[in-house]
Structures are given as structure tokens and as C-alpha cells.
Amino acid sequence: MIKKTGYFLIFFVILLGIVSFIFVQKNKPVYKGSVDIKGLEEEVSVYFDTYGVPHIFADNQEDAYMALGYVHAQDRLWQMELIRRIAAGRLSELFGEELVKTDKLFRGMGLESSAAKIIQQTDSTSQTFLLAQAYLDGINRFIDDGKTPIEFRLIGVEKEHYTLKDIYNVYGYMAFNFAQAHKTDLLLTDLKEVLGKNYLLDLDLDISPRSTLIKNSRGMKRMAAQVGNSINNIMNNVPVSPFIGSNSWVIGPQKTKNGKVIFANDPHIGFSQPSVWYQAHVITPQREMYGFHLALSPFPVLGHNYDYAYGITMFENDDTDFFDEGDQQVYKVHQETIKVKDGDDITFEVKTGPHGPLMNGLLEGMDEDRKIAMDWIYVKRPSDLLKATFEMSHATNLGEFRDAVSKVNAPGLNLMYGDAKGNIAWFGVGQLYEREEGVHTKFVLDGADPTNDKLTYLDFEQNPQAINPSWHYVYSANNQPEEVNGKLYPGYYLPEDRAKRIVTLIESNDAFTGPQVEEMINDVQSSVSPSLVKIILNNISKVNLSDTEKKAMEILKSWNGDFKKEMVAPTIYYKFIYLLLENTFEDEMGEERFKQFLQTHLYKRQIAKQLKLNRSVWWDDVKTKEVKELKDEIITRSFHEAIDALEEQYGDDLDDWLWSSSLSVVHKHAFDKSALLKGYFNVGPFETDGGIEVINNQLFKLNGSGLYEVAAGPSTRRVIDFSDVENAKAILPTGQSGNVFSKHYKDQADKYLKGEFVKMMLNKDEIKASEDILVLLPSRDSIN
């Protein structure tokens, strides 16, 4: 009997293995063979390289883009489905009531109506429209004839065809991600009303002109914190990567060893699985472009070929204002209905006033006595981002590229450019505007005051930009540009840390090579932290220091600012910084406002400013009524608390306080909240180098636990040396495919963590040596 049971178990295991093998084979992407595609005019050959990048050879552009849509959907259809539902407010149909708050916000902002206006004005005979439609046709052919991703089956959702509106909804979601006003303006208004203007004077609301700037060259009471935290919770629940920051620099031929432009770019975007970019190389007799595509984006946002390269960072300009509508009675009202999985439909009203949609009813925590409207350039002055990305990817020279990017009103972007002829350029892109003197747009404005409505739109010529500057490089690290129309343009810029490091490294070398730039893009040294540590150490009272505290001070004293896994100083530094911020600001702000403060870019800028202030109203702990604390007392208290907490966490041997013990990264799938599924679909956890605001920017939320999970970082790293363009390099955080059964689901993860790269292949002979060839054939219906 026991022997029979053993045989049965062996048979069952073998059978299960066979069934699993067959299931995986039937559900993984098809990288070789042939497929009939309805609508193709001619045969298209797709060569998949070692890392799953499709190199599409077609005789005409329409066939090429249909093929692109097909192979993009094959690897990323689930990602496409998620991202198209965000701006449309349809996530609750997939995930139930947990996403209702997200859907209400996006339904209410008017993204779909903005898309409809643009589509209504689109020329249906234009190349932009025809190629976008060909791309959509390719996606829809895959939906009809290809394999259904396992996520659709697990959730039980039916596939639907895609339309032009879905593409524009992706751009709308991207634009909202870039905006920082909703995290900052309400909080600042609240602090102003509750604490008074004296507390705002010491906050870094306006960038100092003495910090590192990008150079131009023509060559509400508790409501605020609750609303801000509500938006943060909504964005944290969105199962698609948020856009956050970025680095890019382009080095002119005068500063490179081989006398050719070197282009570098690493947009900082929330980590997720799959990662945000899909690489594809499109080759036709008319055009060639190696691009990085967003889901549902036919034209690459990042790209290069033999002639030029381009990329983006986030401008961080202020393009959103909030208005208190006061006694305003006249609103346009319409109803929205959200379908909820396993629940009843939810119907609600959206009210739109003179300054845009009311946030009341869309967000939790809104004071019903104050009608707050959102005035957003993206909705107010819609721009055709589809046309702009088409023209960017089809430009034939710098002038055409500049004309293309000038069409973008929102989101605010830094567009970076370099070409084989030696031209380099940076353009601050977005519709800039000025309000009346004295109107401070980082606070909620009085909607009844006509002064606040007066604004002047600036011509693109006035936007910050640099074309072939005399210093022979351009860069952006989301920091403040130099003056626009005689003023520093308002925005939510990040501190100078990354910018200062980039400038320092570029200025120190006049003979850059491609490998040196590859090393630079992985750099983890802060140019600012060591100087802040000096201030900290000088203000710590030396009385009654423990041996552990003395050792910790010596470690900080000798620290060069590197955020490497094997170092101890970063562990001490970030624990101290969190406690410094908490001891300085939470007593006045309160717990909710302090939590919201840590979600803004403002706190990152405030660290350096606060440490340099010897006198500040914030230093005093208002909870100690009979004592007025000074700077050195708060710094000393924070240091003692930091070391005590770390001793409790890691023990008294400082060699165990490694940064690798504190910092980790997981690339989370939409199924991350399922204990049963997340281990299969997530990628990670991993240890990683890096920290906040170093070039290898690993972004995490500061917290009191001393354990930090990286939420965002370089979404790709690209280095293109025009002296050796066929060996240009890039890397993705995980892999090309979003199909969990694909061999390319996570085959770049290890290389990414090590700072390595893979080749972006342009050489046709190398490409055609691939054994993974998928031939797309016109179906008989197409021929007939």
C-alpha cells in the first residue's frame, strides 16, 4: 500500500510538471515563427534581441506601427489595461471598492473631456493620426487573436479594444503625476492660517539664486493635511508607476575624448513590475528610431538613432493653482457613475466653477464650507502630446525638434537633445505664465478677487533653454532654472544636490568617454551631505556622549557622502535626519501636517536651509512651555535619539549598521497586495546602492522605523556616445516583458543593480543574427 501511494505521488508530481510546462508554453509570448495579421500591407520581420527588444523591419511606416502595437501588446497588454483605466476612472471595475477614491478623483479632473477636445481637432489624414491608428490596430489584432494575459483571467476581466482616447488618457495621467501643487499649496495655506507668516519665512519656498541653477543660453486648517494625505494615499494605490524626477546631461564634442556628443538620461519614475518603458527599434525605408515607449504610446518619449538622441526630465514648474471659490453659486454640474467590482455602482456629482473642478466631493477631508477649485494648465490649455511626440521622434534637425517640443503646454518637461553633428540643447517645455505682482501661487488664491485672475501667457521664446552654450554641456536634475522674463519661475523644484554633483563632475573633465559617463550615471556620492554633517557635528553637545555615540560621530566625520551598501554612515545620517525633522517641525505642524510635509519636495530643500539657520522659530519645541530650545539642543536631542534607536535595532557593534540592512527595493506587480500571488509576480526584494538626491537616486519615504523601501528610481539608464553609436547602452530595472512566463520578465534586474548595461543594437547585421524571428504576414482578408 505504501509503495502504491509512493508511485501515485511520483506520477502526480510528474503529471503536474507536464501540465505546468504546457501551461507556461501556451501562455508565454511568441518570439519566433509567423503570425497572420489582418490589415498589414506587406510582410514585417521582427527580430528579438538577447533581452527581448523587438527590431521591426517593415516596408512602410503603417505596417511598422501596426507591428509595434502587436508586439507591444504581446508583452505589456496588462500594463496597457491598467494605465488606460486610471485617467478614465475605471480601476474599481478591476479591483473593487478599494479604488473608488482613485476613480472619483480622476473622473472629476476632466481628463477625458480634455482628450475629447484634442481628438475633435485632430486631422484624420495626418501622419500622426494614421500611424497612431495603425499602432492601435496592432494592439487590437493581438486582443482578437493573441494570448490572453494571465492577469485578465485571474481577475476575470474581458479584453476591450483600444481607441485614440486611451492614448490621450495615458498622457493625462502622466501630466497629473508631474504636478506637485496638490501636495504643497494646500499645506502651505494651512500652515499660514494656523501658525502665521513668521513660520513660513524660514521655509524654503523660494529658491536661493546662490544655489546651483540651470543656466540659460540662447544659442486651510486641518483640511490641507487631510487632503494632501488623501491624494498621496490615492497615488500610492495606483497600480502603475508615478513619474517623479530625473537626471539628464548632454556633453558637447569640445568636452569628449573622441570629439562627439555624449548623451545621458535616467528618468526617475516609481518602480513597478513591469517597469514603465518598453524598448522598440523601428526600421523602415522612410525612418529609423530606437525608442522607449510608455504603455499605449506609439511614439517614443525617449529615443535615438544614428543622427540624434533625446530624452526628458521633469521641469517641476508650477502649472496648477487652487482657488477658494467663496460664495460662488453658479457651477456646471454633471454626474459620473463608477462601476464597482462585486459592489453597487456609485454615482456622484462633479461641479466645475470659473477656475475648474471643485475638489469637494472628489477628495476626503475637504471642508464643505470652503469650495476649493483646481485650475490646471493641462485641462485649461490642452496640447496635442501625441503630435508632439510624433514630431520629436520624426525630426530631421535641431530646429524641427525645437518646434515639436514648443507645442507642449503641460506637463512641464525638460527636453534634452544631442546629435551627431555636435549640437546639444536643453528646453524647458510647458506653457509658462505670470500672475499679477504680489500673487503667490503656492497658496490657495481668493477666487472672488479679480486680481488673481489676471495672467499673461509667456511665449516659448521666453522659456528657459540652452542651445550650444559656451560652457559645452547642458543638464537638468529637476532643479531651478535661471531667470525667466527677469524672475525665477515658481515651481516645486528639487534641491541642488544632484545638480551640484553633475556640474562638479562635468566641469572636472574635458575628455569624457562613454564608459566614464556610464560610471557617472551610477554615481552615489552626495555633494551636499558632507557639508551638512559638519554643521551637525559642530552643534552636538560633547557632554555625556556614550562610546557608541563617539564612534558614530567619527564615522560621520570621515564620510565622503557615498551611499554604498557596505557603508554605515548613511544609516546614521538618515535616521538622524528624520528625527531632526520630526523634532523641529512636528510639534508646530502636528502629526498629520508633518506627514504631509514629508510627501513634498519642500522637505528635501528645507533640510539644508534649516541646518544653516542659527535662529529659527521652528527650533523651539512648543510642547515644552517653560523652555525655549535652540538649534544645538534640537540637533543634540535628535542625535542621541538616533543612536539609541539604532543600537536597539542593530546592536552596539557599528559594523552591523550597514546601509544594506536599512535599504531594499521590490518591483511590485499590481497583485502585490495578494499574499498568494505577490511572490510570483513581484521582482525582489534586493539590496541596492544609492540614496535620496544622489545621481543614482533611490527614493524612499523617510520614517521613524529606520527601514526604507525604495519606491522609485532610475526607470532606465541610457548613455549614447555618437563616436560609437552602434554600441549605445541602456538598462531597465527588471526586463522588457510584463508577461510573467517570458524569459525577459526580469532578466535585466541583476545587471541593473550592479550598474551594468546592455547594448541598444542598431547594426543591422548584428540584429539579423538573432534566432528569435517573428514574421508578421498579411492575412488573406488583408490581401482580399
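Residues numbered from 1 in each chain as written. Predicted model: local features only at pLDDT ≥ 70, side-chain atom pairs only at ≥ 80, totals over all residues. Heavy atoms only, no water.

*Asks:* Would you take a moment to explain the sheet that holds strand 23 (residues 683-686) for this structure?
*Replies:* Hydrogen bonds between backbone atoms are what pair the strands of a sheet, whose relative direction is either parallel or antiparallel. With respect to topology, three strands assemble into an open sheet ordered 23-22-24, the strand pairing being mixed. Among the strands making up the open sheet, the edge pair consists of strand 23 and strand 24 (708-710). In this sheet, neighbouring strand axes are inclined to one another by 20 degrees on average, regardless of whether the strands run parallel or antiparallel. Where strand 22 (residues 663-667) lies against strand 24, three bridges are found, and the strand directions are parallel. The residue bridging Leu663 from the neighbouring strand is Tyr708, located in strand 24. (Pairing = 2+ DSSP bridges. Helix = DSSP H or I, 4+ residues; strand = E, 2+ residues; numbered from the N terminus. Axes fitted to C-alpha atoms, helices over the stretch in contact; angles between N-to-C directions.)

*Asks:* Can you help me understand helix 4 (residues 100-108) in this one?
*Replies:* Along an α-helix, residues three or four positions apart point the same way, because every turn accommodates 3.6 residues. Most of helix 4 is tucked away, with seven of its nine residues classed as buried. Of the positions making up helix 4, those classed as buried are Val100, Thr102, Asp103, Leu105, Phe106, Arg107 and Gly108. At the exit of helix 4 stands Gly110, carrying a positive phi of roughly 85 degrees. (Buried < 20%, exposed > 50% of the residue type's maximum accessible area, 1.4 Å probe, protein only.)

*Asks:* Looking at this model, I keep getting lost on the nonpolar core. Mind explaining?
*Replies:* In globular proteins that are soluble, nonpolar side chains generally tend to be buried together. Within the largest apolar cluster, 150 residues are counted, with the highest numbers of intra-cluster contacts made by Ile139, Phe401 and Leu776. The leading source of residues in this core is helix 2 (residues 61-88), at 15 residues. Ignoring any residue separated from it by four or fewer positions in sequence, one finds Phe401 in contact with Tyr308, Tyr310, Met392, Ala395, Leu415, Met416, Tyr417 and Phe427. Counting 70 residues, the second-largest nonpolar core is a separate cluster that includes Phe576, Phe639, Ala642 and Val710. (Core = buried A, V, L, I, M, F, W, Y, C linked by side-chain atoms within 4.5 Å. Contact = heavy atoms within 4.5 Å.)

*Asks:* Can you help me understand empty space enclosed by the protein in this one?
*Replies:* The rolling of a water-molecule-sized probe over the atoms marks out the regions of remaining empty space. Here the largest cavity defines a volume of roughly 160 Å³. Surrounding the largest cavity, 20 residues form its lining, Ala73, Gln74, Asp75, Pro149 and Asn739 being those nearest its centre. Within the residue set of the lining of the largest cavity, elements represented by two or more residues are helix 2 and helix 7 (150-155). Counting residues per element, the lining of the largest cavity draws most heavily on helix 2, at seven residues. Its residues assigned to classes, the lining of the largest cavity comprises ten nonpolar, five polar and five charged. (1 Å grid on protein atoms, 1.4 Å probe; cavity = no way out; pocket = protein on both sides within 12 Å on 5 of 7 lines; lining within 4 Å. Points joined across faces, edges and corners; volume = space filled by probe spheres on them. Nonpolar A, V, L, I, M, F, W, Y, C, P; charged D, E, K, R; others polar.)

*Asks:* Just checking my understanding: could you explain the packing of aromatic side chains for this structure?
*Replies:* Aromatic rings in a pair are described by how distant their centres are and how their planes are angled relative to each other. This model, assessed by the stated rule, comprises 41 aromatic pairs. An angle of 50 degrees between the planes, with centres 5.9 Å apart, marks the rings of Trp78 and Phe671 as tilted. The pair formed by Trp78 and Phe671 is uniform in burial state, with each residue classed as buried. Site record: aromatic cluster; members linked through ring pairs are Trp559, Phe563, Tyr573, Tyr574, Trp659, Phe700 and Tyr708. Across from the ring centre of Tyr162, 3.7 Å away, lies the NZ or CZ of Arg84, which sits over that ring. The ring of Phe348 has Lys104 lying over it, and the distance from NZ or CZ to the ring centre is 5.3 Å. (Phe/Tyr/Trp six-rings, centres within 6.5 Å; stacked < 30°, edge-to-face > 60°. Lys NZ or Arg CZ within 6 Å of the ring centre and 35° of its normal.)

*Asks:* Would you mind going over unusual backbone geometry with me for this structure?
*Replies:* Backbone torsion omega between Gln273 and Pro274 reads 5 degrees, so that peptide bond is classified as cis. Inspection of the secondary structure puts Pro274 in the loop between strand 5 (262-270) and strand 6 (278-283). Following Gly684, the chain continues to Pro685 via a peptide bond in cis, the omega torsion being 10 degrees. Within the secondary structure layout, Pro685 lies in strand 23. Of note, the phi angle at Glu316 is positive, near 70 degrees, even though the residue is not glycine. Assignment of secondary structure puts Glu316 in the loop between strand 9 (308-314) and strand 10 (320-324). In this structure Glu316 comes out as buried when scored by relative accessible area, which is 3%. In this model, Asn544 sits at a positive phi of 60 degrees, which is unusual for a non-glycine residue. With respect to the helices and strands, the residue Asn544 is situated in the loop between helix 17 (529-539) and helix 18 (547-557). With relative accessibility at 72%, the residue Asn544 sits in the exposed group.

*Asks:* What's the story with the pattern of salt bridges in this structure? I'm lost.
*Replies:* Side-chain pairs of opposite charge can arise whenever the charged atoms involved come near each other. Within the structure shown, the criterion is met by 37 salt bridges. Ionic pairing is found between Glu93 and Arg90, a salt bridge with its closest N-O pair at 2.9 Å. Among the ionic pairs, Arg402 bridges to Glu461, the shortest N-O distance being 2.7 Å. Note that Arg402 is positioned in helix 14 (residues 398-405) and Glu461 in the loop between strand 19 (455-457) and strand 20 (465-467), a separation of 59 residues in sequence. Ionic contacts of the salt-bridge type, sharing partners, join the residues Glu81, Arg84, Arg85, Arg90, Glu93, Glu160 and Asp166 into one network. (Salt bridge = Lys/Arg side-chain N within 4 Å of Asp/Glu carboxyl O.)

*Asks:* Would you mind showing me how to read the environment of Phe322 here?
*Replies:* Here Phe322 is to be found in strand 10. Expressed as a C-alpha distance, the spacing of Phe322 and His355, which sit 33 residues apart in the sequence, is 8.1 Å. The contacts of Phe322, once residues within four sequence positions are left out, are Ala181, His182, Asp185, Met359, Ile372, Ala373, Met374, Phe443, Val444 and Leu445.

*Asks:* Any chance you could explain the sheet that holds strand 14 (residues 372-376) here in plain terms?
*Replies:* With mixed pairing, three strands are arranged side by side in an open sheet as 14-10-18. Because the sheet does not close on itself, it has two edges, and the strands there are strand 14 and strand 18 (445-446). Across five bridges, the pairing between strand 10 and strand 14 is antiparallel. By the bridge assignment for strand 14, Thr320 is matched with Trp376.

*Asks:* Can you help me understand the pairing of strand 16 (residues 424-429) in this one?
*Replies:* One face of the sheet, then the other: side chains in a regular strand alternate in exactly this way. In terms of burial, strand 16 is largely enclosed, as six of its six residues are buried. Pairing of strand 15 (residues 413-419) with strand 16 involves six bridges; the strand directions are antiparallel. Looking at strand 16, one finds that Met416 is bridged to Trp426. In sequence, strand 15 turns back onto strand 16 through a hairpin of four residues, with Gly422 there showing a positive phi of about 100 degrees. One ladder, built from three bridges, connects strand 16 with strand 20; its direction is antiparallel. Directly across from Trp426, in strand 20, lies its bridge partner Ala466.

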